[in-house]
Amino acid sequence: MFQKEQQNLANQIRDILQDQDISLPGELEWAPIPFSGEWGIATSFYKTAALEARSGKSVQIPRRAEEIASLVADKLPPWDLFPRVEAVNGYLNCYFDPHLFSARVVKRVLSEEDFGQGDPQGETLMVEYSQPNTHKAFHVGHLRSAILGDAVCRILDFAGYDVIRANYFGDMGLHVIKWLWNYLDRHEGETPPEDATRWMGDLYAEANRRLEDHPELETEIRELYGRWDSQDPEIVALWEKTRQWSVDGFQKLYDELDIHFDRLYANSEVEFQGKELVDNLIEKGIAEDLRPDDAVIVRLDDLLGLKKEKYRVLVVLRSDGTALYATEDLALAKLKFEEYPLDRSIYVVDVRQSLHFQQVWKTLEIAGYEWAERCQHLSYELVNLPGNVVMASREGTVVLLEDLIREAKERAYQVVEEKNPDLSDQQKTEIARAVGLGSIKFPMLDRENTRIVTFDWESALDFNGQAAPYIQYAHVRANSILKKEPEISLEVLEPAYDLDETEVALIETLAQYPAVVQNAARELKPLHITNALYETARAFNAFYRAAPVLTADPAVKAFRLQLVEASRRVLCSGLGLLGIEAPRVM
RNA sequence: GCCCUCGUAGCUCAAUGGACAGAGCACCGGACUUCUAAUCCGACGGUUGCAGGUUCGAUUCCUGCCGAGGGCGCCA
């Protein structure tokens, strides 16, 4: 957050080096000084020395880097912001004046409406995530896309991008037909109970079991699919009604998780457009129509003249003319760019569909849609059960989301009861929700997207250590101090006392928050937020232990209260970016 | 066969190509008359899968191998 100071410093260094006929290889790169208790920024001159070496001078790079660093350290004029400058190992360490800078950081956090919020980037992004299938259960395996996509949207939005949140329902396909068949056969006239999504899933599982036991019933399925294709009004009406049951059920879950969307797409919506697009591909000679014996295919590698197989062959329409997922995805990609002025279109979908998306977008690119290259797959690994069991609705190896949420809240409630029995029941319930949901979301966000999450109850509901409750608790601690001193001045004065090292460390993490937000947005990685937030919480806890606030001398107290408020804001803001609530009490 | 991802402490995971590779969990030993101990402090723990290469410098980039998982024309 000291870009201006860095720039000034960099300019001075550039001048000094120019006088010596030394040229920089590019912009100087600054990083925080990595030693604990030390506070400032550092840059190194290895690249500068390496540039000299490459230009023909015979220099030993490490020694030369050291030389340059010392030279700069000697010539740099004294500056109140950086009272101490030293050259070590080819690095130039510029130490902040702790009083000046701490005041500046705290002042900035307190003066801004939303500290860390980025300037408008002038880029419009669509993020598609969650993508549940109607007429099926919603289980823990589906959760990562929803939680990851939601966090990415929150981060992008905060970082200054214009974000459109999209969902894409799988509301038609073989699974839906199976469900409708079983419903008509066994459950006609029934309406869903309170827990509609579970019931929808149960009926789907029942349909699968029946078909497995009696494969001959497949003919009935095909017959029913035919009635759908010919838009038999009775079937269409039933589909619309039952589909809504699922959609309403999903909405309840999304509300519970505080996950929301701006635009709901459905594959039934793009089925027809997809077929049209395929016709168009055939006309252009991009797709080969091999019907009725074979499907409609796009030979991507041949079209691109690739010798080694890379994109392979994409089937864009079944031989009987019915639509595939690919058919619909072609149309959906196009529809998104027609509806919105998108700079990028991001798909939060698991890694197994990686090739599929490469194929779809490459096909569109060949067809001349210039926006196709602005489609991006944010792939993530699956959520497994212990023993490397993949969740599958058909095999019954699932943990239902409803169950997970209920259990998480129950366990959190028990802990609140134990820690804080005097709270009202309503308060306990609210805390249990915040902590329970946080403990579900955090494990999906605090690791690389490309890593498999192994879900087990024990670790998901372990409220200790590097997890959401740790951060929430730090927030609670800040609040409990502020509760006792509700009137704090936002006029930040330079602290007129020797700062405790825990204060310096805490202020350091606060100062880095805006840069972390930008980095997380740029790389689409909520992991950067969880890391930074954990560091802030840890620094706050250390401060909390070492530096008394309420009992301190008035001048010390005044500044520390402001620091507590600044910390509280950053903790709350960061949790918000993850879609996790920051309770005031717990 | 081709392609993708992963391999770091006993376990789960971090680390813009930079300074001694860091946390949590587990185990062991400490700290509540305090702004709430859902906390903190200490100890233990490493040939970053292996072998090369690029670089002043590699956990990070490249190549090969080993191991795990995943994908590859009418599922989504």
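One can find the structure itself at the top, above this paragraph.
Computed from a predicted model, the values in this text were never measured in an experiment.

Rules and cut-offs
- Residues numbered from 1 in each chain as written.
- Chains lettered and ligands numbered in written order.
- Predicted model: local features only at pLDDT ≥ 70, side-chain atom pairs only at ≥ 80, totals over all residues.
- Heavy atoms only, no water.
- Helix = DSSP H or I, 4+ residues; strand = E, 2+ residues; numbered from the N terminus.
- Buried < 20%, exposed > 50% of the residue type's maximum accessible area, 1.4 Å probe, protein only.
- Contact = heavy atoms within 4.5 Å.
- Areas by Shrake-Rupley, 256 points an atom, 1.4 Å probe, with all protein chains shown as cover.
- Lys, Arg positive; Asp, Glu negative; His and termini not counted.
- Charge placed at Lys NZ, Arg CZ, Asp CG, Glu CD.
- Salt bridge = Lys/Arg side-chain N within 4 Å of Asp/Glu carboxyl O.
- Polar contact = N/O pair within 3.5 Å; in protein donor to acceptor, adjacent residues only side chain to side chain.
- Near = heavy atom within 4 Å.
- Nonpolar A, V, L, I, M, F, W, Y, C, P; charged D, E, K, R; others polar.
- Pairing = 2+ DSSP bridges.
- Axes fitted to C-alpha atoms, helices over the stretch in contact; angles between N-to-C directions.
- Disulfide = S-S within 2.5 Å.
- Core = buried A, V, L, I, M, F, W, Y, C linked by side-chain atoms within 4.5 Å.
- Domains from an automatic or database assignment.
- Expected span 1.5 Å × (residues − 1).
- Bend = angle between axes of the 7 residues up to and from the residue.
- Patch = residues over 30% accessible without salt bridge, like charges linked within 9 Å, V, L, I, M, F, W, Y side chains within 5 Å.
- Parallel < 35°, antiparallel > 145°, perpendicular 65-115°, else oblique.
- Phe/Tyr/Trp six-rings, centres within 6.5 Å; stacked < 30°, edge-to-face > 60°.
- Lys NZ or Arg CZ within 6 Å of the ring centre and 35° of its normal.

Participant: In this structure, what is going on with the overall build of chain A? I would like to understand it.
Facilitator: Scanning chain A from terminus to terminus reveals 20 helices and 15 strands. For chain A, the spread of C-alpha atoms along the principal axes amounts to about 85 × 70 × 40 Å. Taken over 586 residues, chain A has a buried fraction of 52%. Sequence separation of at least 24 residues holds for 75% of the intrachain contacts in chain A that already meet a minimum separation of 6. Carbon and sulfur atoms make up 46% of the accessible area of chain A, which totals about 27,200 Å². Averaged over its 64 positive side-chain charges, chain A has a centre that lies 3 Å from the centre of its 98 negative ones.

Participant: Is there a simple way to explain the side chain of D329 in this structure?
Facilitator: Within the fold, D329 resides in helix α12 (residues 325–339). Of the buried charged residues, D329 lacks a salt bridge, with K336 as the closest side chain of opposite charge at 6.4 Å. A distance of 2.9 Å separates the side chain of D329 from the side chain of H356, its partner in a polar contact. Dropping the residues within four chain positions of it, D329 is found in contact with Y168, Y347, H356, F357 and V360.

Participant: Just to check I follow, could you spell out unusual backbone geometry for this structure?
Facilitator: Peptide bonds are trans in most cases, and residues, glycine excluded, mostly fall at negative phi. Each neighbour pair has its own omega, and for R291 with P292 the value is 0°, a cis peptide bond. For P292, the location among the structural elements is in the loop between β8 (288–289) and β9 (296–299). For D21, which is not glycine, the phi dihedral falls at a positive 65°. Looking at where D21 falls in the secondary structure, it is placed in the loop between α1 (3–19) and β1 (31–32). Look at D21 and you get exposed, because its relative accessible area is 68%.

Participant: Help me out: how do you make sense of the protein's contact with RNA strand B in this one?
Facilitator: Taken together, 59 residues are adjacent to RNA strand B, and Y91, R312, R318, Y470 and Y544 come closest. Expressed as a percentage, the sugar and phosphate content of the atoms of RNA strand B within 4 Å of the protein is 62%. Here a phosphate oxygen of RNA strand B sits 2.8 Å away from a polar atom, N or O, in the side chain of R447. Taking R451, its side chain carries an N or O atom lying 2.9 Å from a phosphate oxygen of RNA strand B. Of all the secondary structure elements, the ones that give two or more residues to the surface near RNA strand B are α2 (46–54), α3 (61–75), β4 (91–95), β10 (313–317), α13 (354–366), α14 (401–419), α17 (468–484) and α19 (526–546). Here the residues of the surface near RNA strand B sort into 31 nonpolar, 12 polar and 16 charged.

Participant: Even after reading the chapter, I still don't get the pattern of salt bridges, so can you show me in this structure?
Facilitator: Two side chains carrying opposite charge are able to pair once their charged atoms lie near each other. Applying the stated criterion to the full structure yields 42 salt bridges. Between E112 and R108 there is a salt bridge, with the nearest N and O atoms lying 2.5 Å from each other. Ionic contacts of the salt-bridge type, sharing partners, join the residues E52, K57, R64 and E67 into one network.

Participant: What am I meant to see in the sheet that holds β1 here?
Facilitator: Backbone hydrogen bonds are what pair the strands of a sheet, in a parallel or an antiparallel way. Read from one edge to the other, the open sheet built from 4 strands follows the order β1-β2-β4-β3, with strand pairing classed as antiparallel. If you trace the sheet from one side to the other, it starts and ends with β1 and β3 (84–88), each paired once. Where α3 meets the sheet, it contacts β3 and β4, and its direction lies at approximately 165° from that of β3.

Participant: Explain the state of the cysteines here, please?
Facilitator: Simply put, the disulfide is a covalent bond whose two ends are the sulfur atoms of two cysteines. Here the structure, examined in full by the defined rule, presents 0 disulfides. No disulfide involves C153; its sulfur sits 16 Å from that of C375, the nearest cysteine.

Participant: Please explain the nonpolar core as it appears in this structure.
Facilitator: Nonpolar side chains in soluble globular proteins tend to end up buried together. If you look at the biggest cluster of nonpolar residues, it comprises 124 residues, and the most contacted ones within it are I13, F45, L143, L156, F455 and I529. For this core, the element with the most residues is helix α5 (residues 143–159), which contributes 11 residues. Shared between two domains, this core holds at least three residues of each, these being domain 1 (3–96) and domain 2 (401–577). The contacts of I529, once residues within four sequence positions are left out, are I155, V516, V517, A520, G574, L577 and L578. The next biggest cluster of nonpolar side chains, apart from the first, holds 37 residues, and it includes A166, L335, V349 and C375.

Participant: Even after reading the chapter, I still don't get helix α15 (residues 425–445), so can you show me in this structure?
Facilitator: In an α-helix, one full turn covers 3.6 residues, which means residues spaced three or four apart are oriented alike. Between the first and last C-alpha of α15 there are 30 Å, a value that for 21 residues agrees with the 30 Å anticipated at 1.5 Å per step. Within α15, the axis deviates most sharply at S439, by approximately 25°, and proline P443 lies no more than four positions further along. Across the 21 residues that make up α15, a large majority, 15, are buried.

Participant: Quick question: what am I supposed to make of a nonpolar patch on the surface here?
Facilitator: Among the surface-exposed residues, L303, L304 and L306 lie close enough to one another that they form a single nonpolar patch of about 210 Å² accessible area. Note on placement: L306 falls in the loop between α11 (300–304) and β10. For L306, a relative accessible area of 33% translates into the label partly exposed.

Participant: Can you help me understand the sheet that holds strand β12 (residues 375–380) in this one?
Facilitator: The strand order across the open sheet formed by 5 strands is β7-β6-β5-β11-β12, and the pairing between neighbours is parallel. The sheet terminates laterally at β7 (263–266) and β12, the two strands that pair on one side only. On average, each strand axis in the sheet is tilted by 25° relative to the strand beside it, whichever way the strands run. Lying over the sheet, α5 contacts β5 (124–128), β6 (162–169), β11 (344–350) and β12, oriented at roughly 165° with respect to β6. In the packing of α13 onto the sheet, the strands contacted are β11 and β12, and the crossing angle to β12 comes to about 175°.

Participant: So what exactly am I meant to see when it comes to the side chain of E52 here?
Facilitator: Structurally, the position occupied by E52 is in helix α2. Within the structure, the side chain of E52 is placed 2.6 Å from the side chain of R64, a separation counted as a polar contact. In this structure E52 touches I22, K57, V59 and R64, once residues within four positions along its chain are discounted.

Participant: Explain the packing of helix α6 (residues 174–187) against helix α7 (residues 196–213) here, please?
Facilitator: Relative orientation and spacing of two packed helices are given, respectively, by the angle between their axes and the distance between those axes. The interhelical angle for the contact between α6 and α7, taken along N-to-C directions, is 90°, at an axis separation of 9 Å. Classified by the interaxial angle, the pair formed by α6 and α7 is roughly perpendicular. Here H175, K178, W179, W181, N182, Y183, D185, R186 and H187 of α6 lie close against α7, whose contacting residues are W199, M200, L203, Y204, E206, A207, N208, R210 and L211. Class assignment for the residues of the contact of α6 with α7 results in 9 nonpolar, 4 polar and 5 charged.

Participant: Would you mind going over α7 with me for this structure?
Facilitator: With 18 residues, α7 extends 26 Å from end C-alpha to end C-alpha; this agrees with the ideal 26 Å at 1.5 Å per step. Among all positions of α7, only A196, T197, W199, M200, G201, L203, Y204, E206, A207, N208, R210 and L211 are buried. In this structure, the buried side of α7 is in contact with α6, α8 (218–229), α9 (233–257) and α14.

Participant: Would you mind showing me how to read the packing of aromatic side chains here?
Facilitator: For any pair of aromatic rings, the description rests on two quantities: the centre-to-centre distance and the angle between the ring planes. Scanning the entire structure with this criterion turns up 26 aromatic pairs. A centroid spacing of 6.4 Å and a plane angle of 50° characterise the contact between F158 and Y513, whose relative ring orientation is tilted. Of this pair, F158 sits in helix α5 while Y513 is found in helix α18 (residues 501–523), placing the two residues 355 residues apart along the sequence. An identical accessibility class is assigned to F158 and Y513; each is buried. When the centroid spacing of 5.8 Å and the interplanar angle of 55° are considered together, the rings of F540 and F543 count as tilted. Of this pair, F540 and F543 both sit in helix α19, 3 residues apart, roughly one helical turn. For the pair F540 and F543, a shared accessibility class is recorded, and that class is buried. Among the aromatic side chains, those forming a connected cluster through ring pairs are Y129, F138, F169, F250, Y254 and F261. For R84, the ring lying beneath its charged end belongs to Y95, and the centroid distance is 3.9 Å. The lysine or arginine in question, K336, covers the ring of Y347, its NZ or CZ lying 3.8 Å from the ring centre.

It is worth stressing that arrangement in space is one thing and function is another; only the former is reported here.
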